[in-house]
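# Survey of secondary and tertiary structure
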Amino acid sequence: MSTDDSPRPAPSSARRVSQRIGSISPSATLAVDATAKELKAAGRPVIGFGAGEPNFPTPQHIVEAAREAAQDPASHRYSPAAGQPALRQAIAEQASATTGLQIEPSQVLVTNGGKQAVYQTFATLLDPGDEVLLPAPYWTTYPEAIRLAGGREVPVLTGAEQGYLPTVEQLEAARTENTRALLICSPSNPTGAVLSREQLEQIGRWALEHGIWVVTDEIYQALTYDGVEFTSVLSAVPELAETTVIVSGVAKTYAMTGWRVGWMVGPADVIKAAGNLQSHLTSNVNNIAQRAALAALTGPQEPVAQMREAFDRRRRVIVEKLAAIPGFRIPTPTGAFYAFPDVYGVLGREIRGTRVTTSAELATVILQEAEIAAVPGEAFGAPGHLRFSYALADEDLAEGIDRLAALLAE
């Protein structure tokens, strides 16, 4: 037994946090939103275009279902880790209608929001060294979830000139013997681009030919415009059913970002394995939120149509205003609620004494000088762009883009 009472050295900072967790970058979109809210709280008239969050309240019939659930003693107890049976059934029915396939409740896992669904999908599918083809621009969480699962993201950069839509030729050029999966997000966050049935069929058959899993994020499926129809990859290529996982949730369609209910839909063995993980990770999703999600899926859909109409109106306004700014180039988004202009034409300029060479620097300058918050393209694997969410009030949207235009016109 040691009798040495001399002080021991403190653990080095490098050992205080694991390398795996220490390597995670914080969510850029949430960081921008938090900064905007802090500045507003300090009295500055900041207009936030950062968060992908509808500015509408959750529809009242959903809130009433939650209130009733809170009074039900069954909600006060553990429930099945994979999700309440009625909610799994409703999700299975929705997925069946979307894909044209017969989806069973055993193929559904209810998760704590879409982010958990994304992480658990990759944790279930990937082994160390596996690669995931990730069309860029991409949502900020995807690469972090892939890395946490031991995989490696392989960005496939698409630009404004091709409407931010990947081609089979690009995917094939990025494919290696380590390619395990392809991620699709249509309608897209951050670009609002929507893959057509024909494009999805080409990509899906390519994935099928090479034995590549498809992870398809369909959380914006109800938000398309200009007569563009949403198509699930499983509707375009039903043969992919045994090698596809759908991730989705109620957050965007029903203005329920804070309720934290998402899901995975996939082959029963994969869903069972992901459910085993969730049983240790979080157990069941909040019972009251699950009952609210059930009401969202099975109740009146008129509020969804009303919100989509408002998003469409705002979409047309923001595209018109951004397109009029010299140096901005913006394909018209046909889904979700984001505009993603290419701003390379502005870079290299001096703006109120600051030379701006990157979109990250541009985002900082317009926050400081025009008091509007947008997310730089670097966060989405696409430098030289900015993401503007148009899920905010009409008057704030118009004023914010007018401020930006005035600043850049100086």
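Whatever comes next refers back to the structure up there.
No experiment lies behind these values; they were computed from the predicted model shown.

About the criteria used
Numbers given to residues run from 1 along each chain, matching the order in which its sequence is written. Per-residue local features of the predicted model are confined to residues with pLDDT of at least 70, and side-chain atom pairs are confined, for both listing and counting, to 80 or more; whole-chain, interface and lining totals are unaffected and use all residues. Hydrogens and water molecules were not included; the side-chain quantities draw on all heavy atoms of the structure. Secondary structure is summarised from DSSP: a helix means a run of H or I of at least four residues, a strand means a run of E of at least two, and numbering begins at the N terminus for each. Exposure classes here rest on a 1.4 Å probe applied to the protein chains alone. A residue is buried below 20% of its type maximum, exposed above 50%, and partly exposed in between. In this analysis, two residues are considered to be in contact whenever any of their non-hydrogen atoms come within 4.5 Å of each other. Where accessible areas are quoted, they stem from the Shrake-Rupley method and a 1.4 Å probe; at the residue level, only the protein chains shown are allowed to cover. Neither His nor the chain ends contribute to the count of charged residues, in which Lys and Arg are positive and Asp and Glu negative. To locate a charge, take NZ of a lysine, CZ of an arginine, CG of an aspartate or CD of a glutamate. Pairing between two strands requires that DSSP report at least two bridges joining them. Axis geometry follows a simple rule: fit a line to the C-alpha atoms, using only the stretch in contact for helices, then measure angles between N-to-C directions, giving values from 0 to 180 degrees. Crossing handedness follows the turn of the near helix against the far one: under a right angle anticlockwise gives a left-handed crossing, and clockwise gives a right-handed one.

### Section: the overall build of the protein
For the protein, the count of helices and strands is 15 helices and 14 strands. Across the 410 residues that make up the protein, the buried fraction comes to 54%. Across the protein, contacts joining residues at least 24 apart in sequence account for 73% of those joining residues at least 6 apart. Here the protein displays about 18000 Å² of accessible surface, and carbon together with sulfur accounts for 52% of that area. Of the side chains in the protein, 33 bear a positive and 45 a negative charge, and the two mean positions are spaced by 5 Å.

### A few points about the side chain of E144
If you trace the backbone, E144 turns up in helix α7 (residues 141–148). Ignoring any residue separated from it by four or fewer positions in sequence, one finds E144 in contact with S23, I24 and S25.

### Quick look at the sheet that holds strand β9 (residues 338–339)
In spatial order, the strands read β9-β14-β13; together these three strands make up an open sheet with antiparallel pairing. If you trace the sheet from one side to the other, it starts and ends with β9 and β13 (375–376), each paired once. Alignment of β9 against strand β14 (residues 386–389), held across two bridges, turns out to be antiparallel. For A339, the partnering residue across the bridge sits in β14 and is F388.

### Considerations on the packing of helix α4 (residues 60–71) against helix α12 (residues 287–298)
Their axes nearest at 8 Å, the elements α4 and α12 cross at an angle of 145°. Where α4 crosses over α12, the two elements pack in a sense that is right-handed. Along the contact surface, α4 presents H61, I62, A65, A66, E68, A69 and A70, while α12 presents I288, R291, A292, A295 and A296.

### Quick look at the environment of V108
Here V108 lies in strand β2 (residues 108–111). In this structure V108 comes out as buried when scored by relative accessible area, which is 0%. Put simply, V108 and V265 are 157 residues apart on the chain and 4.7 Å apart in space, counted from C-alpha to C-alpha.

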